[in-house]
Amino acid sequence: MKNATSGPVKNDYTYTIENGETYANVTASYGALRVDPRTVEVVVSSGTVTYDGENHTVVDASGVTEDYTYNKVKATDDGTGVLPADEDELQSKILVVYDKNGVKSASQKDVGSYPASVQDASESMLGDNYILSFVNGRMDIVTDPTPITVTSPSASKVYDGTPLKDEDYTVTYGGTTLTDPEKQPDGSYVYTIPGKKSATVTVIPKTDGVTDVDPNGQPTVNDFEVVVSDGYATPTLTKGNLEVTPRTVEVVVSKGTVIYDGNTHTVTDDPTVPTDYTYNKVKPTDDGTGILPADETALKEKIQVEYDKDGVKAPREKDIGSYPASVKDASEDLLGPNYKLTFVDGQLDILPDETPITVTSPSATKVYDGTPLTDEHYTVTYGGITLT
């Protein structure tokens, strides 16, 4: 008898007696033969795999070399373990599968914990000669803990009427800087993690750019959002600042001299002075000073020169004297936070008219006639011009 039986089997035999007349009758007794099944335990392996976007089995875990193990015949056979002749058949029938929400498959990819078992496990998988038992395992796919950092740059510039933007992000994976991002139509940047299947870090800018100086003097955060492929660590974000600083403009009030003529005057009545004031404009190579052409009209609308006479200021003066000239309500933020204005005062001098004036009375004679002799035909000149 070779194979296991469900119970004892009669150890049957037949016999023949030669010269039976000389021997007594033979009484036959029959023993029993029984082959019991061998017991084999199949243990499905357990292990932990780090997510990398690929499909895995438990053998991808560190230290795990087999999907499952089973006991073999011991040197001193105790009736357990599979016989060498039956190992190939056992291995051909065992397939380890991993359960994801009730659906079993030969491998898994996503982060999660997956019960691992033998597909169609049955104690009679090897027939009647074996009774198999099974110990389930588990495969854990864990998030890749490699640190990911994303940093937006800081930048500053002097106000020039255009937006300040800086989207030169620094993205690292495990200390390695990711380069050559692909800019998407929506303005985001996609960085690829090398050596990982479909692993990306997407940076989404959230700052449209800063054009104007903040009225409170505070920088604007160079804001962004980050989307990392599933299975990778939550990134550490460091956000820089964008800051626009004011342009400096110097307003210089003109100086002029006027000859008194009884009329009111400003410095522009001096023929050598074309304007009440001057201011610097943007240079061809912008050094951060000077007013932008777009803002000149606003500057002119806000500047009014006035003249000081004994603490009383007026837009014009008439009398002889020296009058400090300054911008009315001058302040460095006269044009708002985008400019920082400085002012240089001027002066209006009204001088006495020193044109020569002559007055000549006439000479006259007559013979005495008892009446007064008078002649009031005076000759009066102003700068050589006879007044009539």
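Refer to the preceding data block for the structure.
Since the structure is predicted, the reported quantities are computational estimates derived from the model, not experimental observations.

Let's talk about the side chain of Arg38
And then number 1: Within the fold, Arg38 resides in strand 3 (residues 38-44).
And then number 2: Of the residues examined, Arg38 reaches a relative accessible area of 11% and is grouped as buried.
And then number 3: Here Asp77 takes part through its side chain, which lies 2.6 Å from a polar atom of the side chain of Arg38.
And then number 4: The residues touching Arg38, leaving out its near neighbours within four places in the chain, are Val73, Asp77, Gly79, Thr80, Gly81, Leu83, Asn129, Tyr130 and Ile131.

Remarks on the sheet that holds strand 4 (residues 47-50)
And then number 1: As summarised here, the arrangement of the 5 strands in space is 4-10-8-6-7, forming an open sheet in which the pairing is mixed. Here the strands that pair on one side only, and so sit at the sheet edges, are strand 4 and strand 7 (103-105). Across the sheet, the mean angle from the axis of one strand to that of its neighbour is 30°, orientation sign disregarded.
And then number 2: Inspection of the sheet shows strand 6 (residues 96-100) paired to strand 7 by 3 bridges, in the antiparallel sense. From the neighbouring strand, Lys100 faces strand 7, where its bridge partner is Val103.

A few points about the pairing of strand 29 (residues 346-351)
And then number 1: Burial of strand 29 is one-sided: the residues Gly346, Leu348 and Ile350 facing one way are buried, the residues Gln347, Asp349 and Leu351 facing the other way are not.
And then number 2: Judged from the 5 bridges that link them, strand 27 (residues 321-327) and strand 29 form a sheet pairing that is antiparallel. Along strand 29, the bridge assignment pairs Gly321 with Ile350.

Details of the sheet that holds strand 16 (residues 189-192)
And then number 1: Spatially, the 4 strands line up as an open sheet ordered 15-16-17-19, and their pairing is antiparallel. Each edge of the sheet is formed by a strand with only one pairing partner; in this case those strands are strand 15 (182-183) and strand 19 (224-228).
And then number 2: Across 5 bridges, strand 17 (residues 200-205) lies against strand 19 in antiparallel orientation. Directly across from Val203, in strand 19, lies its bridge partner Val226.

Quick look at unusual backbone geometry
And then number 1: Of note in the backbone geometry, Asp180 takes a positive phi value of approximately 55° without being a glycine.
And then number 2: Along the chain, the position of Asp180 falls in the loop between strand 14 (176-178) and strand 15.
And then number 3: For Asp180, a relative accessible area of 68% corresponds to the exposed category.

Procedures and definitions
Residues numbered from 1 in each chain as written. Predicted model: local features only at pLDDT ≥ 70, side-chain atom pairs only at ≥ 80, totals over all residues. Heavy atoms only, no water. Helix = DSSP H or I, 4+ residues; strand = E, 2+ residues; numbered from the N terminus. Buried < 20%, exposed > 50% of the residue type's maximum accessible area, 1.4 Å probe, protein only. Polar contact = N/O pair within 3.5 Å; in protein donor to acceptor, adjacent residues only side chain to side chain. Contact = heavy atoms within 4.5 Å. Pairing = 2+ DSSP bridges. Axes fitted to C-alpha atoms, helices over the stretch in contact; angles between N-to-C directions.

By themselves, these are just geometric observations and shouldn't be taken as functional.
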